[in-house]
Amino acid sequence: MIYPILKMGDQRLLRIAEQVQDFDTAELHQLIADMFETMQDANGAGLAAPQIGVNLQLVIFGFKKNSRYPDAPNVPETVLINPIITPIGSETDDAWEGCLSVPGMRGLVPRWSSVSYRGFDQYGQEIVREVNGFHARVVQHECDHLNGILYPMRIKDLTKFGYTEILFPELDATLDD
Ligand code: NI
């Protein structure tokens, strides 16, 4: 089932998500299947459960070469539950981000360059990874949704925030994340 995606301004996007308690349940598997269907329908790179109004610490992400991010590398398809992100070092990078909850826009957002993250998959198996670059950016963006943070709140220079079709006219304007 494809869910409607909540848009910025909806108070449900500002909540602190609750921990998932029960793993490997039919309900959880169905929710994750629906999230992937919703993300793929919207051509997104990631989706957090709060974006479909489900207030749980659950994110999905991952994609192959993507026309919205023509320079981005592949990121493995990942289900991440009850995540904890820890920066590695103090280096940050600025890069352009979009969000399915902020359709049609992009902003320049600083993120930790390298992070370690841990959490669980849908079966309750622990996930521990050290990542950098776009993978690190995506996981930071998605996990921000679990704390009620949307990327525009992290933009340092609001002159670097605008409509995708203006900022990146070469991109397919029908695509959004
Ligand atoms: Ni987002």
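The structure under discussion appears in the preceding block.
Residues numbered from 1 in each chain as written. Predicted model: local features only at pLDDT ≥ 70, side-chain atom pairs only at ≥ 80, totals over all residues. Heavy atoms only, no water.

Chemist: How should I be thinking about the coordination of the nickel ion in this particular structure?
Modeler: Geometry sets the ideal angles at a metal, namely 109.5 degrees for four tetrahedral donors and 90 or 180 degrees for six octahedral donors. At 2.1 to 2.3 Å from the nickel ion lie its protein donor atoms, namely Cys99 (SG), His141 (NE2) and His145 (NE2). In primary sequence terms, the donor set of the nickel ion follows C-x41-H-x3-H. Placement of the pair is Cys99 in the loop between strand E4 (92–97) and strand E5 (105–112) and His145 in helix H2 (residues 133–145), with a sequence separation of 46 residues. (Donors = N, O, S within 2.8 Å, 3.2 Å for Na, K, Ca; no water. Helix = DSSP H or I, 4+ residues; strand = E, 2+ residues; numbered from the N terminus.)

Chemist: Which parts of the structure should I look at to understand the pattern of salt bridges?
Modeler: When charged atoms on two side chains of opposite charge get close, those side chains can pair. For the coordinates displayed, the defined rule picks out seven salt bridges. Ionic pairing is found between Asp157 and Lys160, a salt bridge with its closest N-O pair at 3.5 Å. Since its relative accessible area comes to 33%, Lys160 is described here as partly exposed. A single salt-bridge network, built from bridges that share partners, covers Glu97, Arg111, Arg137, Asp144 and Arg154. (Salt bridge = Lys/Arg side-chain N within 4 Å of Asp/Glu carboxyl O. Buried < 20%, exposed > 50% of the residue type's maximum accessible area, 1.4 Å probe, protein only.)

Chemist: Would you mind showing me how to read the nonpolar core here?
Modeler: Generally speaking, nonpolar side chains in soluble globular proteins are found buried as a group. By size, the foremost hydrophobic cluster in this structure holds 19 residues, and its most contacted members are Val59, Phe61, Phe63, Leu80, Tyr117, Phe134 and Val139. Within the residue set of this core, elements represented by two or more residues are strand E2 (58–63), strand E3 (75–87), strand E6 (114–120), strand E7 (126–132) and H2. Top element by residues in this core is H2. It accounts for five residues. Core analysis: the next-biggest nonpolar cluster, separate from the first, contains 17 residues, Val20, Leu31, Leu47 and Ala49 among them. (Core = buried A, V, L, I, M, F, W, Y, C linked by side-chain atoms within 4.5 Å.)

Chemist: Looking at this structure, I do not really get the layout of surface pockets. What am I missing?
Modeler: Over the atoms, a rolled probe matching the size of one water molecule traces out where space is still vacant. As a volume, the largest pocket reaches approximately 370 Å³. In this structure, the largest pocket is lined by 17 residues; those nearest its centre are Ile85, Gln140, Asp144, Asn147 and Arg154. Of the residues that constitute the lining of the largest pocket, the class distribution is nine nonpolar, four polar and four charged. (1 Å grid on protein atoms, 1.4 Å probe; cavity = no way out; pocket = protein on both sides within 12 Å on 5 of 7 lines; lining within 4 Å. Points joined across faces, edges and corners; volume = space filled by probe spheres on them. Nonpolar A, V, L, I, M, F, W, Y, C, P; charged D, E, K, R; others polar.)

Chemist: Teacher, can you tell me more about helix H1 (residues 26–41) here?
Modeler: Each full turn of the α-helix corresponds to 3.6 residues, which orients residues three or four apart in the same direction. Along its 16 residues, H1 runs 22 Å from first to last C-alpha, staying within 8% of the 22 Å computed at 1.5 Å per residue. All buried positions along H1 are accounted for by Leu28, Leu31, Ile32, Asp34, Met35, Phe36, Thr38 and Met39. Residues of H1 that are buried in the fold lie against strand E1 (46–48), E2 and E3. Of the residues one or two after H1, Asn43 is the one with positive phi, at around 60°. (Expected span 1.5 Å × (residues − 1). Contact = heavy atoms within 4.5 Å.)

Chemist: Hey, could you run me through the pairing of E7 in this one?
Modeler: Within a regular strand, side chains alternate between the sheet's two faces. Pairing analysis gives seven bridges linking E6 to E7, with the strands arranged antiparallel. Note that in E7 the partner of Ser114 across the bridge is Asn132. Connecting E6 to the next strand, E7, in antiparallel fashion are five residues, including Gly124 with a positive phi near 90°. (Pairing = 2+ DSSP bridges.)

Chemist: What is the right way to look at the pairing of E6 in this model?
Modeler: Taking every second residue as pointing to the same face, the buried face of E6 carries Val115, Tyr117 and Gly119, while none of Ser114, Ser116, Arg118 and Phe120 on the other face is buried. Pairing of E3 with E6, which is carried by five bridges, proceeds in the antiparallel orientation. Residue Pro87 lies in a different strand from E6, and its bridge partner there is Val115.

Chemist: What exactly am I supposed to notice about H2 here?
Modeler: With 13 residues, H2 extends 19 Å from end C-alpha to end C-alpha; this agrees with the ideal 18 Å at 1.5 Å per step. Of all the 13 residues making up H2, twelve are buried; the element is thus mostly covered by neighbouring parts of the structure. Of all the positions in H2, only Phe134, His135, Ala136, Arg137, Val138, Val139, Gln140, His141, Glu142, Cys143, Asp144 and His145 are classed as buried.

Chemist: Got a minute to help me understand the packing of aromatic side chains in this structure?
Modeler: The relation between two aromatic rings is expressed through the spacing of the ring centres and the mutual angle of the planes. Summed over all chains, the structure comprises five aromatic pairs. With 6.3 Å between their ring centres and 75° between their planes, Phe61 and Tyr117 make a pair best called edge-to-face. Here Phe61, found in strand E2, pairs with Tyr117, found in strand E6; they are 56 residues apart in sequence, far enough to count as distant. Judged by relative accessible area, which is 0%, Phe61 ranks as buried. With relative accessibility at 1%, the residue Tyr117 sits in the buried group. Centre to centre, the rings of Phe63 and Phe134 are 5.5 Å apart; their planes meet at 90°, and the pair counts as edge-to-face. (Phe/Tyr/Trp six-rings, centres within 6.5 Å; stacked < 30°, edge-to-face > 60°.)

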